Amino acid sequence: MNITITEAFALMTSPDVDVFGATWTKKGGDLRTGALRLGVSVGVTGAGLTFDPAAHGLLCAWDMNKTNPKTGKQGAFLMLNLKGLQSIKVDGTTYNVRH
């Protein structure tokens, strides 16, 4: 099924979705995949971000498969490039993102 970036963003940020899969192209051109969650507060100090990710076409998410470079533990925050989003998988259904 094909959806727009706006529809993909709405699906990913829906309160009914706990975990979603995503495939995207990083700004450097590398292809990435991840099992992502939103609203994770592990390691958050309360200082907040120094910029608005949405203003740069980014979505801050927790990648459950990525290794944290500071602690070496499983799971780390990343910025998902919405402009490079290719597909998402929510509740077993894969959606291709058209630009």
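Please read all numbers here as calculations on a predicted model, not as lab measurements.

Visitor: I tried to follow the overall build of the protein chain on my own but got confused; where do I start?
Guide: Within the protein chain, the secondary structure is distributed over one helix and seven strands. Going from the N terminus to the C terminus, the protein chain shows its helices and strands as β-α-β-β-β-β-β-β. A globule of 99 residues ought to have a C-alpha radius of gyration of about 13 Å, and the protein chain, at 13 Å, matches this closely. Counting contacts in the protein chain only where the partners sit at least 6 residues apart, residues at least 24 apart contribute 51% of the total. On the protein chain, roughly 6200 Å² of surface is accessible, and the fraction owed to carbon and sulfur atoms is 52%. The averaged location of the 7 negative side-chain charges in the protein chain is 9 Å from the averaged location of its 10 positive side-chain charges.

Visitor: I'm lost on the pattern of salt bridges in this one. Help?
Guide: Think of it this way: side chains of opposite charge can pair up when their charged atoms draw near. All told, the structure shown has one salt bridge when counted by the stated rule. Between Arg 32 and Asp 63 there is a salt bridge, and its shortest N-O distance comes to 2.8 Å. Placement of Arg 32 in strand β3 (residues 31–37) and of Asp 63 in strand β4 (residues 58–67) is noted, with a sequence separation of 31 residues between them.

Visitor: Looking at this structure, how should I read the nonpolar core?
Guide: Within soluble globular proteins, side chains that are nonpolar generally end up buried alongside one another. If you look at the biggest cluster of nonpolar residues, it comprises 18 residues, and the most contacted ones within it are Met 12, Leu 36, Leu 80, Leu 85 and Ile 88. For Leu 36, the residues in contact, after removing those within four places along its chain, are Asp 18, Val 19, Phe 20, Ala 22, Trp 24, Ala 61, Trp 62, Asp 63, Leu 78 and Leu 80.

Visitor: Can you walk me through the packing of aromatic side chains in this structure?
Guide: Working definition: an aromatic ring pair is given by the centre-to-centre distance plus the angle between the planes. Summed over all chains, the structure comprises one aromatic pair. Ring plane angle 75° and centroid distance 4.8 Å describe the contact between Trp 62 and Phe 77, whose orientation is recorded as edge-to-face. With Trp 62 in strand β4 and Phe 77 in strand β5 (residues 74–81), the pair connects residues that are 15 residues apart, well separated along the chain. For Trp 62, a relative accessible area of 12% puts it in the buried group.

Rules and cut-offs
- Each chain carries its own residue numbering, running from 1 in the direction its sequence is written.
- Local features in this predicted model are restricted to residues of pLDDT 70 or higher, and side-chain atom pairs are both shown and tallied only at a pLDDT of 80 or more, whereas totals for entire chains, interfaces and linings draw on every residue.
- With hydrogens and water stripped out, all remaining heavy atoms of the structure feed into the side-chain values.
- Only runs of H or I of at least four residues qualify as helices and only runs of E of at least two qualify as strands under DSSP, and these elements are numbered from the N terminus.
- In this treatment the radius of gyration is a C-alpha quantity, and the globule benchmark scales as 2.2 Å times the residue count to the 0.38 power.
- Pairs of residues are marked as contacts when any of their non-hydrogen atoms sit within 4.5 Å.
- Surface exposure here means Shrake-Rupley accessible area, sampled with a 1.4 Å probe, where a residue is shielded only by the protein chains that are shown.
- Under the counting rule used here, the positive set is Lys and Arg, the negative set is Asp and Glu, and His together with the chain ends is not counted.
- To locate a charge, the coordinates of NZ of Lys, CZ of Arg, CG of Asp or CD of Glu are taken.
- One side-chain nitrogen of Lys or Arg within 4 Å of one carboxyl oxygen of Asp or Glu is enough to make a salt bridge.
- Throughout this description, the term nonpolar core refers to a set of buried Ala, Val, Leu, Ile, Met, Phe, Trp, Tyr and Cys residues connected via side-chain atoms within 4.5 Å.
- Per-residue accessibility, obtained with a 1.4 Å probe over protein chains only, is compared with the maximum for each type, and a residue is labelled buried under 20%, exposed over 50%, and partly exposed between these values.
- In this analysis, rings of Phe, Tyr and Trp, with Trp reduced to its six-membered ring, are considered paired at centre separations within 6.5 Å, and the interplanar angle assigns stacked below 30 degrees, edge-to-face beyond 60, and tilted for intermediate values.

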